[in-house]
Amino acid sequence: MAAYDVLVQVPEAPINETLTWGTDTIVADDGTVTTASYLQLPKRSWKGNFSFDTEADLRYHLAASFRKFKGLFNFPLRHMGVIAKAKIAIGASVIYCNTARTDFRAGMSVFIWSSSTFETKIIDEVNADNITLTTVTTNAYYRGYVCPVVEVYSANMASTVRRPINSQATASFNFFQNGFQSPFLNPEDEVALAAYDGLPLLNRRGFGAEFGQALDTGLEVADYGGVPAFRSRWLAPQKAKTLLFKSPRTFDPDDWKFWLSFFDYCLGSTNPFYLPTWRDDVEVFAVPASGGNQITLQGHEYLDHYWPVAAYHNFVVTKPDGTQHFATASAIANVAGNDRLTFAPAVPAGDWSGSSFSFLLKCRIDDDTVAIEHRGGNSVVTLNLRTTD
């Protein structure tokens, strides 16, 4: 192994990963929005910090900063690491581990470490409970860890803050993957996304204490002599908001596979999807009957504010036990001072007492970027979203 080919220091938590597709968004004069992604695979980058407790670690980092200037080096994705299930002996060609909890692929480099001992090998084959290597290990690891390795470059690796004590220092990093991970989604990890009306459903609840929302009108104002003229190419105002989603990546690999499949579908800002609001948007006066296709909403709030905009014809009826039914309203009628909606498809047979009414909004990723904060066994996905209708 050439000197400084692998960045061996352990980053502090969290590690922030960013996926970017380079989507171009064009709004025509008639309000039609066209999107096109220049990249079919996302550009991946990682940001974070190092904290050095020994002079040897600090000197290694500083030397690597100079030696790898304008060069490529390997960055172990330790947040994707797993513990070997058995001791790794000298000359081992098989490492037993839970491959479902990480992203190993044949031909990929794998980083093996324990304490201050480490080495990099090439994966020959990935199996359910082990990986095989193209060459045998040169060290022994009693409690070994293994993780994927990516080839990266950086323009600011030398950003370091030193303290009066020589052995204490911190450094930030911003690494970009050299090339792309192809395919981005391992075919074995692809999951079918639930869909409605031909589009996937992001049927996950965001978390947080506050849920801010901005109304974007797209207005262009020309003021000549104090007489303003207003123009907007949009057919309706768009709502923009940021949502955070938590995924137990390590302990629920299937949930993380959902997110990877969702990212792969979206292609940044290119492809739209449906997102429930997860709130009681309009008060329900009368729930649907068993197998019925009508719901009555309190008063005329829906008729006055939402019915004129087609985007609000899609909605979700949710039972107290969490059972959901997705539907589209086709007609509205005034029944004793309330709004009765006729919709399709009809609800399944059963008792819908206590159900709530929420909008189902067509959205896309607003800024072409997926931000992921990896912390321990969990990851937090941040999405800046925008309605499209």
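Located above this text is the structure these notes cover.
Predicted, not measured: the structure shown is a model, and the values here were computed from it.

S.K.: A description of the packing of aromatic side chains should follow, citing residues and the corresponding values.
M.R.: In this structure the tally under the stated criterion is 31 aromatic pairs. With centroids separated by 4.9 Å and ring planes inclined at 75°, the aromatic side chains of Phe262 and Phe273 adopt a geometry described as edge-to-face. With Phe262 in helix α2 (residues 253–266) and Phe273 in strand β20 (residues 273–276), this residue pair connects regions lying 11 residues apart in the sequence. Phe273 matches Phe262 in its accessibility class, with the two residues each being buried. The structure contains a cluster of three or more aromatic residues connected by ring pairs, namely Tyr302, Tyr306, Trp307, Tyr312, Phe315, Phe343, Phe357 and Phe359. Lying across the ring of Phe180, Lys43 places its NZ or CZ 5.4 Å from the centre. Here the basic side chain of Lys319 rests over the ring of Trp352, its NZ or CZ set 4.6 Å away from the ring centre.

S.K.: Hey, could you go over the nonpolar core for me, with residue numbers and the actual values?
M.R.: Counting residues in each nonpolar core, the largest one holds 43 residues, and the members touching the most others are Trp259, Phe263, Tyr302, Phe357 and Leu383. Beyond its immediate stretch of four places on either side in the chain, Trp259 contacts Leu202, Arg204, Phe245, Ser247, Val381 and Leu383. Within the second largest apolar cluster, 17 residues are counted, among which are Leu7, Ala64, Phe75 and Val152.

S.K.: I'd like a rundown of the environment of Ile90, residues and numbers included.
M.R.: When you line up the elements, Ile90 lands in the loop between β6 (82–83) and β7 (94–96). Note on Ile90: relative accessible area 61%, which makes it exposed. It is 5.6 Å that separates the C-alpha atoms of Ile90 and Thr137, two residues lying 47 residues apart in sequence.

S.K.: Tell me what's going on with the side chain of Lys257, and back it up with residues and numbers.
M.R.: Positionally, Lys257 belongs in helix α2. Given the relative accessible area of 16%, Lys257 is considered buried. When neighbours within four sequence positions are excluded, Lys257 is seen to be in contact with Ala100, Asp189 and Val191.

Rules and cut-offs
- Residues numbered from 1 in each chain as written.
- Predicted model: local features only at pLDDT ≥ 70, side-chain atom pairs only at ≥ 80, totals over all residues.
- Heavy atoms only, no water.
- Phe/Tyr/Trp six-rings, centres within 6.5 Å; stacked < 30°, edge-to-face > 60°.
- Helix = DSSP H or I, 4+ residues; strand = E, 2+ residues; numbered from the N terminus.
- Buried < 20%, exposed > 50% of the residue type's maximum accessible area, 1.4 Å probe, protein only.
- Lys NZ or Arg CZ within 6 Å of the ring centre and 35° of its normal.
- Core = buried A, V, L, I, M, F, W, Y, C linked by side-chain atoms within 4.5 Å.
- Contact = heavy atoms within 4.5 Å.

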